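A structural walkthrough
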Amino acid sequence: MGDQTIQYQLSANGIATITLNRPDIHNAFDDTVVATLTAAFKKAGDDPAVRLVVLASTGKSFCAGGDLNWMRRMATYTFEENLRDSQLLAEMLRTLNYLPKLTIARVQGPAYGGGVGLVACCDMAIASPEAAFCLSEVKVGMIPATIGPYVVRAIGQRASRRYFTTAELITANKALELGLVAEVVASDELDNCIAGIAKGLLRNGPRGVAEAKRLVLDIADGEITDAMIADTSQRIAETRGSDEGREGLTAFLEKRKPAWIQ
């Protein structure tokens, strides 16, 4: 896409790989990259051919957050300009978080600041032992505000109160313990691990996957009230009666593959 600072590839089996391609500056992003990422996420979300989105990067680092030239420009912005800038970043993160596809972060190296936010917005992250994470904003007198809602949901309030304020380095294994990453595998096994997850995902109904993800996002922080019970009852009734639900159940009873499996 554009000047190839963000690459977009779609495989024949429906895996969209969105790659940050600025290895010379550790895949740091600026306002232009934020806009390009937002467009790439929306493209994947709107394309029925896409079943899975992998967020990757080139070089030794996953993402260093905001790049230095962008930060220099921020120092001269008015409040209104900074507000608009941060709103665009927040929109990019929200787009990724609520994408109606499964999303996997392929983390081969360090992720700092906004890079941690990208990881937290994905449904899962597969990391190499060389990966490391740091919420470094307080080191320059700022806070991880736009990424905050997603990181807190990923690692919890207690851990966030520590790492938001200390800016200490989080190793790959510690990130696994915190729940920020799902698995830590050797660098040369990253792609095989993701391919294994993709193989299982592609057996599942596309609409079912999107609705299951949405269910988690909608009920995660809510109380189990009468309204929630009514809502979840309606959701399962709707999925049972959908074309995909009927096909899946019929295929199971007839001991054949459902139509979405090629």
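A brief report on the enclosed structure follows. Owing to the predicted nature of the structure, the values given are computational and were not obtained by experimental measurement.

Quick look at the overall build of the protein chain
Tallying secondary structure elements over the protein chain gives 11 helices and nine strands in all. Compactness check: the protein chain gives a C-alpha radius of gyration of 19 Å against a globular reference of 18 Å for 262 residues, within 12% of the reference. With the C-alpha coordinates aligned to their principal axes, the bounding extent of the protein chain is approximately 65 × 45 × 35 Å. Burial analysis of the protein chain (262 residues in total) assigns 42% to the buried set. Sequence-distant contacts in the protein chain: of pairs separated by 6 or more residues, those separated by 24 or more amount to 67%. With an accessible surface of roughly 14,000 Å², the protein chain has 55% of that area assigned to carbon and sulfur atoms. Of the charged side chains in the protein chain, 28 are positive and 31 negative, and the gap between their average positions amounts to 3 Å.

Some thoughts on the sheet that holds strand β5 (residues 111-112)
The strand order across the open sheet formed by three strands is β5-β7-β8, and the pairing between neighbours is mixed. Looking at which strands have only one partner, the edges of the open sheet turn out to be β5 and β8 (170-171). Strand direction decides the pairing type here: strand β7 (residues 132-134) and β8, joined by two bridges, are antiparallel. Its bridge partner being in β8, Ala132 is matched across the sheet by Thr171.

Here we look at helix α3 (residues 79-97)
Between its first and last C-alpha atoms α3 spans 27 Å; for 19 residues at 1.5 Å apiece the expected length is 27 Å, and the two agree. For α3, the full list of buried residues reads Asp85, Leu89, Met92, Leu93, Thr95, Leu96 and Asn97.

Quick word on helix α9 (residues 206-219)
Taking 1.5 Å per residue, 14 residues should reach 20 Å; α9 reaches 20 Å between its end C-alpha atoms and fits that length. Where α9 is buried, its residues touch α3, β4 (102-107) and α8 (190-201).

Side note on the sheet that holds strand β3 (residues 52-57)
Taken together, the six strands give an open sheet; going across it, the order is β1-β2-β3-β4-β6-β9, and neighbouring strands pair in mixed fashion. One side of each edge strand has no neighbouring strand; the edge strands of this open sheet are β1 (6-10) and β9 (183-184). One ladder, built from six bridges, connects strand β2 (residues 15-20) with β3; its direction is parallel. Bridged to Leu20 within β3 is Ser57. The strands touched by helix α1 (residues 31-46) are β1, β2 and β3; relative to β1, the strand with the most contacts, the crossing angle is about 10°.

Digging into the packing of aromatic side chains
Using the criterion set out here, one finds one aromatic pair in the structure. Here the guanidinium or amino end of Lys43 rests over the ring plane of Tyr8, the centre of that ring lying 4.2 Å away.

Things to note about the pairing of β1
In the sheet, β1 pairs with β2 via five bridges, with the strands oriented antiparallel. Among the inter-strand pairings, Tyr8 is bridged to a residue of β2, identified as Ile18. The antiparallel pairing of β1 with β2 creates a hairpin that spans four residues between the two strands, and Gly14 there sits at a positive phi of about 90°.

A short note on the nonpolar core
Formed by 50 residues in total, the largest nonpolar core has its most connected members in Ile18, Leu55, Phe62, Val107, Leu118 and Phe133. With six residues, α1 is the single largest residue contributor to this core. Apart from the residues within four sequence positions on either side, Val107 is in contact with Phe62, Val119, Ala125, Ile126, Ala127, Ser128, Ala131, Phe133 and Leu190. Counting residues in each nonpolar core, the second largest holds 13 residues, with Ile15, Ile104, Leu201 and Val209 among its members.

Rules of the game
Residues numbered from 1 in each chain as written. Predicted model: local features only at pLDDT ≥ 70, side-chain atom pairs only at ≥ 80, totals over all residues. Heavy atoms only, no water. Helix = DSSP H or I, 4+ residues; strand = E, 2+ residues; numbered from the N terminus. Rg over C-alpha atoms; globule rule 2.2 N^0.38 Å. Buried < 20%, exposed > 50% of the residue type's maximum accessible area, 1.4 Å probe, protein only. Contact = heavy atoms within 4.5 Å. Areas by Shrake-Rupley, 256 points an atom, 1.4 Å probe, with all protein chains shown as cover. Lys, Arg positive; Asp, Glu negative; His and termini not counted. Charge placed at Lys NZ, Arg CZ, Asp CG, Glu CD. Pairing = 2+ DSSP bridges. Expected span 1.5 Å × (residues − 1). Axes fitted to C-alpha atoms, helices over the stretch in contact; angles between N-to-C directions. Phe/Tyr/Trp six-rings, centres within 6.5 Å; stacked < 30°, edge-to-face > 60°. Lys NZ or Arg CZ within 6 Å of the ring centre and 35° of its normal. Core = buried A, V, L, I, M, F, W, Y, C linked by side-chain atoms within 4.5 Å.

Shape descriptors only; they carry no functional weight alone.
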